[in-house]
Amino acid sequence: MTTWLDFWSGSPNIYVNDRHLRVHCDRIAQDVARLIGTAPGRRVLDFGCGDALAAPTLAKATGATLLLYDAAPAVCQRLASRFAGAANIVVLDEAAWTTRPAASVDTIVMISVAQYIGRDDLVGLLERMRTVLTPDGAILVGDVIPPEADLVADLVALLGPAARHGFLGAALIGLVRTFFSDYRRLRANLGLTNYTEADFIALARRAGLHAERLPLNPGFNQKRMAFRARKI
Ligand SMILES: C[S@@+](CC[C@H](N)C(=O)[O-])C[C@H]1O[C@@H](n2cnc3c(N)ncnc32)[C@H](O)[C@@H]1O
């Protein structure tokens, strides 16, 4: 396994159990719905959406048509079978994403993906997103990791919800498992791309976007950052 995409294409075990994945997806969907507001008839693309268990909640809360895309083929296949025939949810494969017409998406959401992409590749990706975005559209980038690694914030983000939602035991076992996991090895070898607030804003500008930091980061880790970017 040499890239992050290889990792996501395998059987990544980053959630301690099904309950953890469900609680995580529900929280992300709630927070993203708050940030988007109601958007009936609009098209919202969740880029790098992962298993997106709460996609129906997000589609219902916003009234938007939700487009789901994930570059890992195994994730893409799971999404296609999970949401076949679901109202207002369309799963895009690689070809559908790369040929997506200009100005055809109103909002793009990308949560917890930027850290797995190099800086220059992220500029290229944001440029592509800028093209598919409508003139008044916005890109919401969440879970951007600041340079100072905050182990305490990561632990609080795992153990707080685990205690509240009844999977504390599994979370503690999960911490031990993480220590011996491919995720930890890859994180040590490949690293994660970090940004200061100013770094991210400058990088977005290279892609022709004006980004501003948001007060809320979708999910349980408020030490990580979220930005809304619009065309300059
Ligand atoms: C940590 S998960 C985040 C999933 C979801 N956005 C969430 O917040 O729960 C990262 C996801 O990003 C996807 N991903 C990583 N690099 C990507 C890329 N270059 N293009 C599209 N998806 C990517 C992975 O396959 C994985 O499903």
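The coordinates are above.
As the structure is a prediction and not an experimental result, all values here were calculated from the model.

Cut-offs applied
Residues numbered from 1 in each chain as written. Predicted model: local features only at pLDDT ≥ 70, side-chain atom pairs only at ≥ 80, totals over all residues. Buried ≥ 20, exposed ≤ 12 C-beta atoms within 10 Å, placed from the backbone. Helix = DSSP H or I, 4+ residues; strand = E, 2+ residues; numbered from the N terminus. Pairing = 2+ DSSP bridges. Axes fitted to C-alpha atoms, helices over the stretch in contact; angles between N-to-C directions. Contact = placed C-beta atoms within 7 Å. Near = placed C-beta within 6 Å. Nonpolar A, V, L, I, M, F, W, Y, C, P; charged D, E, K, R; others polar.

Visitor: Can you walk me through helix H9 (residues 182–189) in this structure?
Guide: Note on helix geometry: an α-helix contains 3.6 residues per turn, so any two residues three or four positions apart are oriented the same way. In terms of residue burial, H9 counts as a barely covered element, since only 0 of its 8 residues are buried. Immediately downstream of H9, the backbone of Gly-191 shows phi near 75°, a positive value.

Visitor: I would appreciate a short explanation of the sheet that holds strand E1 (residues 43–47) in the present structure.
Guide: Backbone hydrogen bonds hold the strands of a sheet together, and the pairing may be parallel or antiparallel. In spatial order, the strands read E3-E2-E1-E4-E5-E7-E6; together these 7 strands make up an open sheet with mixed pairing. Edge positions in the sheet fall to strand E3 (89–92) and strand E6 (209–213), since each of these pairs with one other strand and no more. Averaged over all neighbouring strand pairs, the angle between strand axes comes to 20°, with direction disregarded. Here E1 runs beside strand E2 (residues 65–69); their pairing, made up of 5 bridges, is parallel. Among the inter-strand pairings, Leu-45 is bridged to a residue of E2, identified as Leu-67. Across the sheet, helix H6 (residues 119–132) is in contact with strand E4 (105–111), strand E5 (133–144), E6 and strand E7 (225–231); its angle to E5 comes to roughly 145°.

Visitor: Would you take a moment to explain the site of the ligand for this structure?
Guide: Taken together, 16 residues sit near the ligand, with Trp-8, Gly-48, Gly-50, Ala-71 and Ala-72 positioned nearest. Considering only residue class, the shell around the ligand consists of 12 nonpolar, 3 polar and 1 charged.

Visitor: What is the right way to read unusual backbone geometry from this model?
Guide: With glycine set apart, most residues show a phi of negative sign, and most peptide bonds adopt trans. The backbone of Ser-112 shows a phi angle near 60°, a positive value even though the residue is not glycine. The backbone of Asp-143 sits at a positive phi, close to 65°, despite the residue not being glycine. Along the chain, Asp-143 falls in strand E5.

Nothing here speaks to function; it is geometry throughout.
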